[in-house]
Amino acid sequence: MTKFLLAVHVIAAIIAIGPVTVAASMFPPSARRALAEPHDPRAVETVRLLHRICRVYATVGVVVPVFGFATAGNMGVLGDAWLIVSIALTALAAVVLVALVLPRQTALLEGAEAGEGAEAGKRLTVQAETGRRLTAQLAMSTGIFNLLWATVTILMIVRPGSTTGA
């Protein structure tokens with residue numbers, strides 16, 4: 001049973017978390033392009049698609065810790081330090097995604113969509129300045145999110161102090 005749970009946990013991590021990290025990383029440059037070219041429907045559509053990927057796969061990603069806890073329980077490692085740190089970092093990554101990355105993506109998407117039909121002038125200038133600031137903040141938040149997941153992945157592989165033989 002442990003091997004099955006571990007397989008589902010790892011597959012879910014690859015299928016759910018991988019697309020979020022890639023799409024979230026692609027979002028800031030795509031948002032910059034959409035804000036710089038407000039009349040390009042393809043640029044706005046790209047941002048819309050990347051945001052949708054992040055939202056959908058973030059929801060699917062809930063499966064990862066569920067099967068992670070089940071696997072850890074079967075392996076008897078729930079109290080191990082490496083796992084507790086991994087759980088804390090996973091929770092922090094979820095908070096960064098839900099509280100920082102997704103809301104900033106939404107704000108930038110709304111700005112890009114508003115620019116689709118907007119006339120040139122002061123409104124676009126203000127929107128562009130806000131978009132640049134939000135894009136920079138989003139890029140930083142996304143980097144933190146990805147770094148947290150990379151750290152969790154390393155902890156899951158290395159498992160310092162683990163007695164499971166790996």
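Description of the structure in this document. (Residues numbered from 1 in each chain as written. Predicted model: local features only at pLDDT ≥ 70, side-chain atom pairs only at ≥ 80, totals over all residues. Heavy atoms only, no water.)

### What about the packing of helix H1 (residues 2-36) against helix H3 (residues 63-75)?
One can describe the packing of H1 onto H3 by two numbers: an axis separation of 8 Å at closest approach and a directional angle of 155°. In this view, H1 runs roughly antiparallel relative to H3, as classed from their interaxial angle. As H1 packs across H3, the resulting crossing turns out to be left-handed. Contacts between H1 and H3 involve Thr2, Leu5, Leu6, Val8, His9, Ala12, Ala13, Ala16 and Ile17 on the former and, on the latter, Val63, Val64, Phe67, Gly68, Ala70, Thr71, Asn74 and Met75. The residue makeup of the contact of H1 with H3, split by class, is 12 nonpolar, 5 polar and no charged. (Axes fitted to C-alpha atoms, helices over the stretch in contact; angles between N-to-C directions. Helix = DSSP H or I, 4+ residues; strand = E, 2+ residues; numbered from the N terminus. Parallel < 35°, antiparallel > 145°, perpendicular 65-115°, else oblique. Left-handed = near helix turned anticlockwise from the far one by under 90°. Contact = heavy atoms within 4.5 Å. Nonpolar A, V, L, I, M, F, W, Y, C, P; charged D, E, K, R; others polar.)

### Considerations on the nonpolar core
In this structure, Phe27, Val101, Leu108 and Phe145 are the most contacted members of the largest nonpolar core, which totals 32 residues. Among the secondary structure elements, those contributing two or more residues to this core are H1, helix H2 (41-60), helix H4 (81-116) and helix H5 (122-158). Among the elements that take part in this core, H1 stands out by supplying 10 residues, more than any other. Leaving out residues up to four positions away in the same chain, Phe27 has contacts with Val47, Leu50, His51, Gln105, Leu108 and Leu138. (Core = buried A, V, L, I, M, F, W, Y, C linked by side-chain atoms within 4.5 Å. Buried < 20%, exposed > 50% of the residue type's maximum accessible area, 1.4 Å probe, protein only.)

### Observations regarding the layout of surface pockets
In this structure, the largest pocket encloses a volume near 680 Å³. What lines the largest pocket is a set of 29 residues, among which His9, Ala13, Val64, Val152 and Met156 lie closest to the centre. The element that contributes the greatest number of residues to the lining of the largest pocket is H1, accounting for 8 residues. Along the lines of polarity and charge, the residues of the lining of the largest pocket split into 20 nonpolar, 8 polar and 1 charged. Of all the secondary structure elements, the ones that give two or more residues to the lining of the second largest pocket are H1, H2, H4 and H5. Per-class residue counts for the lining of the second largest pocket are 14 nonpolar, 2 polar and no charged. (1 Å grid on protein atoms, 1.4 Å probe; cavity = no way out; pocket = protein on both sides within 12 Å on 5 of 7 lines; lining within 4 Å. Points joined across faces, edges and corners; volume = space filled by probe spheres on them.)

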